[in-house]
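# Descriptive analysis of the structure
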Amino acid sequence: MTDNITSVGGGNRPDTGVSALKGRTGAGTPAETRGKTTIADGVVAKIAGMAAREVPGIHSLGAGMARAFGAMRERVPGGGGGVTRGVKVEVGERQAAVDLDVVVEYGVSIVEVAGGVRTNVISAVERMTGLEVVEVNIAVDDVHLPDEEEEAEPDEGRVR
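## Brief notes about the overall build of the protein
- Counting its secondary structure elements, the protein contains three helices and seven strands.
- N-terminal to C-terminal, the α/β element order of the protein is β-β-β-α-β-α-β-β-α-β.
- Of all 160 residues assigned to the protein, the portion counted as buried reaches 30%.
- If you sum the accessible surface of the protein, you get close to 10100 Å²; carbon and sulfur atoms cover 52% of it.

See the structure below:
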């Protein structure tokens, strides 16, 4: 049994934005295949972002300006988590492609970290969505040095 996967939703193509997995219908088909499941692009991006962050050697995701704006957005109540920062996905009828902007820790093998990220992202997206991941492109934008401090939030405000 093969699910049919189609895209529906917004975007510049009438069929982008959400992936739909359609099962067969009828009394003789298994219950788990009756009906349609839709998966939004944002869901695939979140899965890919979480899977990439799980790999040892990844410091953060997002290019310089994206990280700066993301850090500001995270401080604003309701501004969003930033799980998809540095993640772009394209979802087709049966396949997905993922682009990641990453910052790695100093001293790690970038080739090994990239291989680990690809393996983890492909495994997570395919397992959770049923889409075939055709490629995971990784752009290493920076190396985080041990003595570089992230901009820390002050422990106490000026006004009490």
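## Description of helix H3 (residues 110-129)
- Here H3 spans 28 Å end to end across 20 residues, near enough to the 28 Å set by a 1.5 Å rise per residue.
- Buried residues of H3: Val113, Ala114, Val117, Val121, Ala124, Val125 and Thr129, and no others. On an axial view of H3, the arc spanned by its buried residues comes to 110°, and they lie on one face. Seen from the buried face of H3, the exposed residues on the opposite side, beyond 90 degrees, are Val111, Glu112, Thr119 and Arg127.

What counts, and where the lines are drawn
- Residues numbered from 1 in each chain as written.
- Predicted model: local features only at pLDDT ≥ 70, side-chain atom pairs only at ≥ 80, totals over all residues.
- Heavy atoms only, no water.
- Helix = DSSP H or I, 4+ residues; strand = E, 2+ residues; numbered from the N terminus.
- Buried < 20%, exposed > 50% of the residue type's maximum accessible area, 1.4 Å probe, protein only.
- Areas by Shrake-Rupley, 256 points an atom, 1.4 Å probe, with all protein chains shown as cover.
- Expected span 1.5 Å × (residues − 1).
- Arc of directions from axis to C-beta.

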